[in-house]
Amino acid sequence: MIDARGIPLALYVHLPWCVRKCPYCDFNSHAVPAGGIAEEAYVAALRRDLEFAAPAVAGREIVSVFFGGGTPSLFSAAAIARVLSHARSLLPFAADAEITLEANPGTVEHGRFADYAAAGVNRVSLGAQSFDDAKLATLGRIHGAGDIARAVGELRTAGIDNFNLDLMYALPGQDLQGALDDLDRAIALAPTHVSHYQLTLEPDTPFAKRPPAGLPDDDLAWSMQVECQSLLASAGYEQYEVSGYARPGRRCRHNLVYWEFGDYLGIGAGAHGKVTRRDGKAIERTIRVRHPAAYLAATTAEQRVAEARDVAPADLSFEFCLNALRLVAGFTPQHFEERTGLPVAVLEQPAEQARARGLLERVDGRWRATALGRRFLNDLQEQFLPA
Ligand SMILES: C[S@@+](CC[C@H](N)C(=O)[O-])C[C@H]1O[C@@H](n2cnc3c(N)ncnc32)[C@H](O)[C@@H]1O
Ligand code: SF4
């Protein structure tokens, strides 16, 4: 049995459009249709979706909201405000709720961040990717390096000092120094958080079908990660997750809800949700219909639900480990039991095997990935697959 009231709750809102689709991206994002974004209709659908989702978590407090995409900064501040005010009317918000909006440095008009801040946004995640204009062009980005610095200036003017920069490394034609230079330029903008992702060739993307020339091999990519980690550490950014680095007190609370196996409502096209049932006897996962046109065409809230199912007990410990082992600090047995309702004994055999392979260690009462386990995280996570 799980005590649902003790589990932090977040809200994820998916906004699925981008100016154009980047060739490496397999997120549920779609080029803006010829007639533009159906902003009003989409916001109305989101509001109905919220009304439909809220009863399952009635009375529980929202600790974070994340507007993700796609490119949420294509939406007006008024649209964001309408979603937020509706959420606040349906559910209590923590006084210090973290409210993040993803933004593309190429879509930020002058003054817009101030309007988002007035709507309640207090954290922004900027998709910088690189500070090398040639690399940005190869990645199909709609912005140059200068736009990133300009967007950060706009953020500061708007009083939003809590912001993340997304960077990718192991880019086509990139050498170790190039990856470090990118990071230097990111650090110079003094973000509170850096997400540092290795470029991956996702199945069915244009990059996977026709890989760009000059992709670094695994060893070079690994050296980039190790050297970049040291650079970030020396600049005061502590790694707390596979790709997440933060200044003290600035870890992304929303992502921590995912990785610590908290609950989240997921609304908008293709959004995923996870909610512990009120009686504590099961955890439900939900997925909304993926295509924005289908999401918009739905005439009832039920039609927007593509999938809703309870997680089978046999899958629970794997799902927990999939998330919690991403965290540098790992997890305690007590935390595992509180979030899954399972006895930690179910982990013992796979944990022992992972330990024998040097992928997992137990330190100060916490299970966590070793350095080797972080490098080969998939291998570690697979140890916990249901038999
Ligand atoms: C959902 S995207 C949203 C950010 C925003 N749309 C943008 O790109 O400016 C979140 C981040 O995932 C990362 N990402 C997307 N595709 C990736 C890939 N194939 N490999 C590694 N990182 C990727 C990028 O850094 C991106 O900023
Ligand atoms: S802007 Fe972001 S979400 Fe949109 S296609 Fe590019 S990486 Fe994907």
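Residues numbered from 1 in each chain as written. Chains lettered and ligands numbered in written order. Predicted model: local features only at pLDDT ≥ 70, side-chain atom pairs only at ≥ 80, totals over all residues. Heavy atoms only, no water.

Engineer: What is the right way to read the site of ligand 2 from this model?
Structural biologist: Within the structure, ligand 2 sits among Cys18, Lys21, Cys22, Tyr24, Cys25, Ser29, Gly70, Thr71, Asn104 and Arg141. Here the shell around ligand 2 is composed, by residue class, of four nonpolar, four polar and two charged. (Near = heavy atom within 4 Å. Nonpolar A, V, L, I, M, F, W, Y, C, P; charged D, E, K, R; others polar.)

Engineer: Before we go on, may I ask you to explain the packing of helix α11 (residues 313-324) against helix α12 (residues 333-340) in this structure?
Structural biologist: Two quantities define a packed helix pair, namely the angle between the helix axes and the distance between the axes. In the contact formed by α11 and α12, the axes pass within 11 Å of each other and the chain directions differ by 125°. Viewed along their axes, α11 and α12 adopt a mutual orientation that is oblique. For α11 against α12, the interelement crossing comes out right-handed. Residues Leu316, Ser317 and Phe320 of α11 pack against His335, Phe336, Arg339 and Thr340 of α12. (Axes fitted to C-alpha atoms, helices over the stretch in contact; angles between N-to-C directions. Helix = DSSP H or I, 4+ residues; strand = E, 2+ residues; numbered from the N terminus. Parallel < 35°, antiparallel > 145°, perpendicular 65-115°, else oblique. Left-handed = near helix turned anticlockwise from the far one by under 90°. Contact = heavy atoms within 4.5 Å.)

Engineer: Would you mind going over the pairing of strand β1 (residues 9-15) with me for this structure?
Structural biologist: Consecutive side chains along a regular strand alternate between the two faces of the sheet. β1 sits mainly inside the fold: seven of its seven residues count as buried. The alternating pattern of β1 places Leu9, Leu11, Val13 and Leu15 on one face and Ala10, Tyr12 and His14 on the opposite face, and all of these are buried. By the bridge criterion, five bridges tie β1 to strand β11 (residues 263-267) in an arrangement that is parallel. Its bridge partner lying in β11, Tyr12 is registered against Gly266. As paired elements, β1 and strand β4 (residues 62-69) share seven bridges and run parallel to each other. Pairing of Tyr12 across the sheet is with Phe66, part of β4. (Buried < 20%, exposed > 50% of the residue type's maximum accessible area, 1.4 Å probe, protein only. Pairing = 2+ DSSP bridges.)

Engineer: Explanation requested: the nonpolar core in the structure shown.
Structural biologist: Nonpolar side chains in soluble globular proteins generally cluster together in the buried interior. Core analysis: the biggest nonpolar cluster contains 70 residues, and Phe67, Phe113 and Leu165 have the highest contact counts within it. Setting aside anything within four residues of it in sequence, one finds Phe113 in contact with Ala103, Val108, Val124, Leu126, Ala151, Glu154, Leu155, Ala158 and Ile160. Core analysis: the next-biggest nonpolar cluster, separate from the first, contains 25 residues, Leu316, Cys321, Val344 and Leu347 among them. (Core = buried A, V, L, I, M, F, W, Y, C linked by side-chain atoms within 4.5 Å.)

Engineer: How should the site of ligand 1 be read in this particular structure?
Structural biologist: Taken together, 18 residues form the shell around ligand 1, and within it Gly70, Gln129, Arg141, Asp166 and Thr200 come nearest. Within the backbone of Gly70, one N or O atom sits 2.8 Å away from a nitrogen atom of ligand 1. Taking 570 Å² as the accessible area of ligand 1 by itself, protein coverage stands at 91%. When residues of the shell around ligand 1 are traced back to their parent elements, those giving at least two are β5 (93-103), β6 (123-129), β7 (163-169) and β8 (193-198). Residue composition of the shell around ligand 1, grouped by class: six nonpolar, eight polar and four charged. (Polar contact = N/O pair within 3.5 Å; in protein donor to acceptor, adjacent residues only side chain to side chain. Areas by Shrake-Rupley, 256 points an atom, 1.4 Å probe, with all protein chains shown as cover.)

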